[in-house]
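# Analysis of the macromolecular model
Spelled out, the chains give:
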Amino acid sequence: MFKNDPSRPEVADGLAAALIASSDVPLLLLDGNLVVVAASRSFCAIYDVDPATVSGCDLAKIGAGEWALPQLRALLRATASGTAAIDGYEMELAKPDAETRKLVLTARRLDYGGDDSVHLTLSIADVTAIRLALKAKDDLVREKAVLLQELQHRVANSLQIVASVLLLSARRVQSEETRVHLRDAHQRVMSVAAVQRQLAVTTLGDVNIANYMRDLCDSLGASMIRDHDQISIVVTVDDSTATADVSVSLGLIVTELVINALKHAFPSHRRGIINVSFETTGDSWVLSVGDDGVGVPTGENAPKPGLGTSIIEALANQLRAKVETADLNPGTRVSIVHA
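The structure contained in this document is the topic of the report that follows. (Residues numbered from 1 in each chain as written. Predicted model: local features only at pLDDT ≥ 70, side-chain atom pairs only at ≥ 80, totals over all residues. Heavy atoms only, no water.)

## Description of the packing of helix α8 (residues 244-264) against helix α9 (residues 307-318)
One way to put it is that α8 packs onto α9 with a least axis distance of 10 Å and a crossing angle of 155 degrees. Between α8 and α9, the angle falls in the class roughly antiparallel. For the element pair α8 and α9, the recorded crossing hand is left-handed. For the pair α8 and α9, the contacting residues are Ser249, Leu252, Ile253, Glu256 and Leu257 in the first and Gly308, Ile311, Ile312, Leu315, Ala316 and Gln318 in the second. Of the residues belonging to the contact of α8 with α9, the class tally is seven nonpolar, three polar and one charged. (Axes fitted to C-alpha atoms, helices over the stretch in contact; angles between N-to-C directions. Helix = DSSP H or I, 4+ residues; strand = E, 2+ residues; numbered from the N terminus. Parallel < 35°, antiparallel > 145°, perpendicular 65-115°, else oblique. Left-handed = near helix turned anticlockwise from the far one by under 90°. Contact = heavy atoms within 4.5 Å. Nonpolar A, V, L, I, M, F, W, Y, C, P; charged D, E, K, R; others polar.)

See the structure below:
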């Protein structure tokens, strides 16, 4: 705000013009008719304007007329009348034989404290380089997304080939022990493939856990449950999201636990339900996979920790969580708890 003696408005005009001229940023002082009262040295240098001729020149006639934009003039007149203010208005400045520039303009009406004359300040920020950098970044993100999709297709194909070879080898070998190991390896590859398939259809960024778990369990059920009237998988997940890395670990844990339940919880065509749940409270969360099957044998019949158990513990440690097992009588529940 400029204060002045109403009888001497030229004092305030001179002070304003001096301040504008000395500014290190592109800045114009305009009167109510959009005639330039003063221009900063940086404006003249950046936009190739002769400092000696710019003062007293109509904004529309600066340079080769590149500032004669109807919408800009309408906004400036509205600002001069006090009905609007330009704040972050984006425009393109097209000058003959020069690269089009992307500008962000800000205009304010000045209060001269009793003087009836109208003055505006117009500041100009050139964001051409920033916009080009953002475009390059967006292009790079899109390119990486295409490459990632191609990689995912190749990984999926490779996993299918490896799984097929393992299953074919299991059918050919004579040793029952070797056959069991090969089939176990086949299931491990299929579990990774199931996780990979679900993440392949997600967008970049955080993953919606509910959709991810439902799709994953649908995939596991479709490939491993022969009779869906006999065994079913129920998914209960709150509206949570997680990064892709965390989602991979959660998906692998769920896959291992669901496969383990399908292998051991329902012998002799026993009917049952596998419950998969994920619940968050603040920064804490609990992932659980439970069943109403025969439970885990105890005593001498208790199973020795296998590869699946090691995988689950390793993934839980990676997530800074702990593994808890509960006897549901009937059935078993394994929970991964991150507190």
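## Details of the sheet that holds strand β3 (residues 87-93)
Sheet architecture is open: five strands sit in the order β2-β1-β5-β4-β3, paired in antiparallel fashion. The open sheet is flanked by β2 (36-39) and β3, the only strands paired with a single partner. Taken pair by pair, the neighbouring strands of this sheet meet at an average axis angle of 25 degrees, ignoring direction. Relative to strand β5 (residues 119-126), strand β1 (residues 27-31) is paired through five bridges, and the arrangement is antiparallel. What sits directly across from Leu29, in β5, is Thr121. Strands in contact with helix α4 (residues 70-80) are β1, β3, β4 (101-110) and β5; relative to β4, the strand with the most contacts, it is inclined by about 20 degrees. (Pairing = 2+ DSSP bridges.)

## What about the pattern of salt bridges?
In total, this model carries ten salt bridges according to the counting rule given. Note that Glu92 is salt-bridged to Lys102, the shortest N-O span being 2.6 Å. Note that Glu92 is positioned in strand β3 and Lys102 in strand β4, a separation of ten residues in sequence. Residue classification places Glu92 among the partly exposed residues on the basis of a relative accessible area of 47%. On the accessibility criterion, Lys102 (32% relative accessible area) is partly exposed. One network of salt bridges, in which partners are shared, links Lys135, Asp139 and Arg142. (Salt bridge = Lys/Arg side-chain N within 4 Å of Asp/Glu carboxyl O. Buried < 20%, exposed > 50% of the residue type's maximum accessible area, 1.4 Å probe, protein only.)

## Concerning the packing of aromatic side chains
Tallied over the full model, the rule gives four aromatic pairs. Taken together, the ring pairs in this structure connect Phe43, Tyr47 and Trp67 into an aromatic cluster. (Phe/Tyr/Trp six-rings, centres within 6.5 Å; stacked < 30°, edge-to-face > 60°.)

## Concerning α9
For α9, spanning twelve residues, the distance from its first C-alpha to its last is 17 Å, which sits close to the expected 16 Å at 1.5 Å a residue. Downstream of α9 by one or two residues, Arg320 has phi in the positive range, about 60 degrees. (Expected span 1.5 Å × (residues − 1).)

## Quick word on the pairing of strand β12 (residues 332-338)
In terms of burial, β12 is largely enclosed, as six of its seven residues are buried. For strand β11 (residues 322-327) and β12, the ladder comprises six bridges, and the chain directions are antiparallel. The residue bridging Glu324 from the neighbouring strand is Ser335, located in β12. Taking the residues that link successive antiparallel strands as the turn, the β11-β12 hairpin has four residues, and the phi of Asn329 there is positive, at about 45 degrees.

## Let's talk about α4
Among all positions of α4, only Leu72, Arg73, Leu76, Thr79 and Ala80 are buried. Here the buried residues of α4 occupy an arc of 120 degrees about the axis, which is enough to place them on one side. Of the exposed residues in α4, the ones pointing more than 90 degrees away from its buried face are Pro70 and Gln71. Tucked into the core, α4 has its buried residues touching β1, β3, β4 and β5. With its phi angle positive at about 85 degrees, Gly82 sits one or two positions after the end of α4. (Arc of directions from axis to C-beta.)

## Comments concerning the side chain of Asp291
Positionally, Asp291 belongs in strand β10 (residues 284-291). There is no salt bridge for the buried Asp291, and the closest opposite charge comes from Arg270, which lies 7.3 Å off by N-O distance. A distance of 2.9 Å separates the side chain of Asp291 from the backbone nitrogen of Gly293, its partner in a polar contact. Beyond its immediate sequence surroundings of up to four residues, Asp291 is in contact with Ala261, Ala265, Phe266, Ile273, Ile274, Leu328, Pro330, Gly331 and Thr332. (Lys, Arg positive; Asp, Glu negative; His and termini not counted. Polar contact = N/O pair within 3.5 Å; in protein donor to acceptor, adjacent residues only side chain to side chain.)

## Details of unusual backbone geometry
Looking along the chain, the bond that leaves Asn329 and enters Pro330 is cis, with omega of 10 degrees. One can find Pro330 in the loop between β11 and β12. The residue Asp97 is not glycine, and still its phi comes out positive at about 60 degrees. Its identity as a non-glycine residue notwithstanding, Asn329 has a phi of 45 degrees, on the positive side. Residue placement: Asn329 occurs in the loop between β11 and β12. Classification of Asn329 by relative accessible area gives exposed; the value is 66%.

Such coordinate-based values are descriptive only and should not be taken to indicate function.
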